[in-house]
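Fold and geometry: a report
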Amino acid sequence: MLVSTRGRYALRIMLELGQHEGEGCVPLPVIAENQQISEKYLESIVSVLAKARLVEGQRGKGGGYRLTRPLSECSVGEILRLTEGSLAPVSCLDGDTNACPRAGQCSTLPMWEKLDRLINGYLDSVRLSDLLGEDATKL
């Protein structure tokens, strides 16, 4: 599993907004500067987060973005699946059903399924609030 820049940046954006929780909206240029992410790239990621209702935007004076729920209710797994699509370690586990014609006789499939459960279980167990003590710019 390789997490893309998009996934890592989405986590950083959520953490940045979490650090300003209760202060109102955080303008896009402030997030971009603090996280050293171009505004254009930031817009595309925030759009995905907004469609999933993890953040909401406000236009005009005092506008920007804010979280729709506390970081303690958001998991790393949720954010990464949203931005990465899948966290499956092999392509045959990517999706709801395994369409591989060899699935019935694949001796490595149980290992990959267990790894998939471990990855998803671990990332789902990590709440974004757990990361606030760490340097969010290193994510």
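Residues numbered from 1 in each chain as written. Predicted model: local features only at pLDDT ≥ 70, side-chain atom pairs only at ≥ 80, totals over all residues. Heavy atoms only, no water.

Let us look at the pattern of salt bridges. Here the structure, examined in full by the defined rule, presents three salt bridges. Between R69 and E78 there is a salt bridge, with the nearest N and O atoms lying 2.5 Å from each other. When its relative accessible area of 23% is taken as the criterion, R69 is described as partly exposed. Residues D124 and R81 are paired through a salt bridge, measuring 2.5 Å at the closest nitrogen-oxygen approach. On the criterion of sequence distance, the pair formed by D124 in helix α5 (residues 109-125) and R81 in helix α4 (residues 76-84) is long-range, its members being 43 residues apart. Residue D124 is classed as partly exposed on the basis of its relative accessible area, which comes to 27%. (Salt bridge = Lys/Arg side-chain N within 4 Å of Asp/Glu carboxyl O. Buried < 20%, exposed > 50% of the residue type's maximum accessible area, 1.4 Å probe, protein only. Helix = DSSP H or I, 4+ residues; strand = E, 2+ residues; numbered from the N terminus.)

For the pair helix α2 (residues 28-35) and helix α3 (residues 39-51), the least separation of the axes is 10 Å and the interaxial angle reads 110°. On the basis of the axis angle, α2 is roughly perpendicular to α3. At the point where α2 passes α3, the crossing takes the right-handed sense. On α3, the residues that touch L28, P29, I31 and A32 of α2 are E39, L42, E43 and V46. Per-class residue counts for the contact of α2 with α3 are six nonpolar, no polar and two charged. (Axes fitted to C-alpha atoms, helices over the stretch in contact; angles between N-to-C directions. Parallel < 35°, antiparallel > 145°, perpendicular 65-115°, else oblique. Left-handed = near helix turned anticlockwise from the far one by under 90°. Contact = heavy atoms within 4.5 Å. Nonpolar A, V, L, I, M, F, W, Y, C, P; charged D, E, K, R; others polar.)

As a further point, take the environment of G18. Position of G18 among the secondary structure elements: in helix α1 (residues 5-19). Overall, the relative accessible area of 10% leaves G18 in the buried class. Residues G18 and E84, spaced 66 residues apart in sequence, show a C-alpha to C-alpha distance of 21 Å.

Further remarks concern the pairing of strand β2 (residues 64-67). One ladder, built from four bridges, connects strand β1 (residues 55-58) with β2; its direction is antiparallel. Looking at β2, one finds that G57 is bridged to Y65. The turn linking β1 back onto β2 is made up of five residues, and G60 within it adopts a positive phi angle of 85°. (Pairing = 2+ DSSP bridges.)

Let's shift gears to α3. With 13 residues, α3 extends 18 Å between its outermost C-alpha atoms, agreeing within 8% with the 18 Å of an ideal straight helix rising 1.5 Å per residue. Within α3, the full set of buried residues consists of L42, I45, V46 and L49. Projected onto a plane normal to the axis of α3, the buried residues spread over an arc of 100° and lie on a single side. Projecting away from the buried face of α3 at angles above 90 degrees are the exposed residues K40 and K51. Those residues of α3 that are buried lie in contact with α1, α2, β1, β2 and α4. (Expected span 1.5 Å × (residues − 1). Arc of directions from axis to C-beta.)

Residues I13, M14, L42, L49, V76 and L128 are the most contacted members of the largest nonpolar core, which totals 30 residues. When residues of this core are traced back to their parent elements, those giving at least two are α1, α2, α3, α4 and α5. Here the element with the most residues in this core is α1; it accounts for seven residues. (Core = buried A, V, L, I, M, F, W, Y, C linked by side-chain atoms within 4.5 Å.)

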